[in-house]
Amino acid sequence: MERILVSACLMGRKVRYDGGAKTSADAHLAAWREEGRLVVFCPEVEGGLPTPRPAAEIEGGAGGEAVLAGAARVLTAEGGDVTAQFLAGAQAALAFAQHFGVRLAVLKEGSPSCGSLSIYDGTFHGRRTPGHGVTAALFALHDIRVFSEEHIPEAADYLRALET
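Residues numbered from 1 in each chain as written. Predicted model: local features only at pLDDT ≥ 70, side-chain atom pairs only at ≥ 80, totals over all residues. Heavy atoms only, no water.

*Asks:* Please give an account of the packing of aromatic side chains that cites residues and values.
*Replies:* The way to describe two aromatic rings as a pair is by their centre distance and the angle between their planes. Evaluated as defined, the whole model comprises three aromatic pairs. Relative to Tyr158, the ring of Phe147 lies with its centre 5.8 Å away and its plane at 45°, an arrangement referred to as tilted. Of this pair, Phe147 sits in strand E8 (residues 145-148) while Tyr158 is found in helix H6 (residues 152-162), placing the two residues eleven residues apart along the sequence. Taken together, the ring pairs in this structure connect Phe41, Phe96 and Phe100 into an aromatic cluster. A cation sits over an aromatic face here: Arg145 above Tyr158, 4.8 Å from the ring centre. (Phe/Tyr/Trp six-rings, centres within 6.5 Å; stacked < 30°, edge-to-face > 60°. Helix = DSSP H or I, 4+ residues; strand = E, 2+ residues; numbered from the N terminus. Lys NZ or Arg CZ within 6 Å of the ring centre and 35° of its normal.)

*Asks:* Help me get a handle on the nonpolar core, residues and values and all.
*Replies:* The biggest cluster of nonpolar side chains holds 27 residues, and the ones touching the most others in it are Leu5, Val74, Leu107 and Phe139. Elements with a minimum of two residues in this core: strand E2 (38-41), strand E3 (56-58), helix H3 (64-68), helix H4 (83-99), strand E5 (104-107) and helix H5 (134-141). Of the residues forming this core, the biggest block, five residues, is contributed by H4. When near neighbours in sequence (up to four residues on either side) are disregarded, Leu5 contacts Val39, Phe41, Ala93, Phe96, Ala97, Val102, Leu104, Ala105, Val106, Leu107 and Phe139. In terms of nonpolar packing, the next biggest core, distinct from the first, is built from 19 residues, Ile4, Ala8, Ile152 and Ala155 among them. (Core = buried A, V, L, I, M, F, W, Y, C linked by side-chain atoms within 4.5 Å. Buried < 20%, exposed > 50% of the residue type's maximum accessible area, 1.4 Å probe, protein only. Contact = heavy atoms within 4.5 Å.)

Here it is, written out as structure tokens:
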């Protein structure tokens with residue numbers, strides 16, 4: 001049985017920067033939970049950041065690939081550098097996923113860790129730009145396919161393809 005890594009905030013855990021959750025009511029997630037497929041993880045908390053914590057964005061909207069390459073940092077609005085925690089969280093998420101043989105993840109869109117289609121642009125003005133978060137970028141480098149909570153039906157299709 002394929003296991004699926006899912007962002008903890010999507011499963012109702014209060015781990016987001018603002019101390020809240022972004023609980024998804026998606027029927028696929030509910031079914032996968034019942035089947036015992038889900039492994040739940042928050043890279044930011046596992047990387048050592050507290051809850052709540054200051055919001056963070058990748059400078060210049062450069063994307064997770066640039067952070068992994070050392071060409072961009074993850075900063076708070078006040079200028080605090082939390083790059084090390086984001087990198088540690090991404091590495092912990094990868095180790096966790098590999099431990100469970102995960103080839104598919106459903107991660108929170110827009111997050112500087114988990115965004116798979118877009119991230120915030122680094123200005124803290126609520127604008128998004130195309131790009132990947134740090135964990136999503138690391139997963140892609142290790143052949144773990146990432147879907148946002150907005151594309152769970154596509155994740156379900158991919159899961160079926162993996163299991164045929």
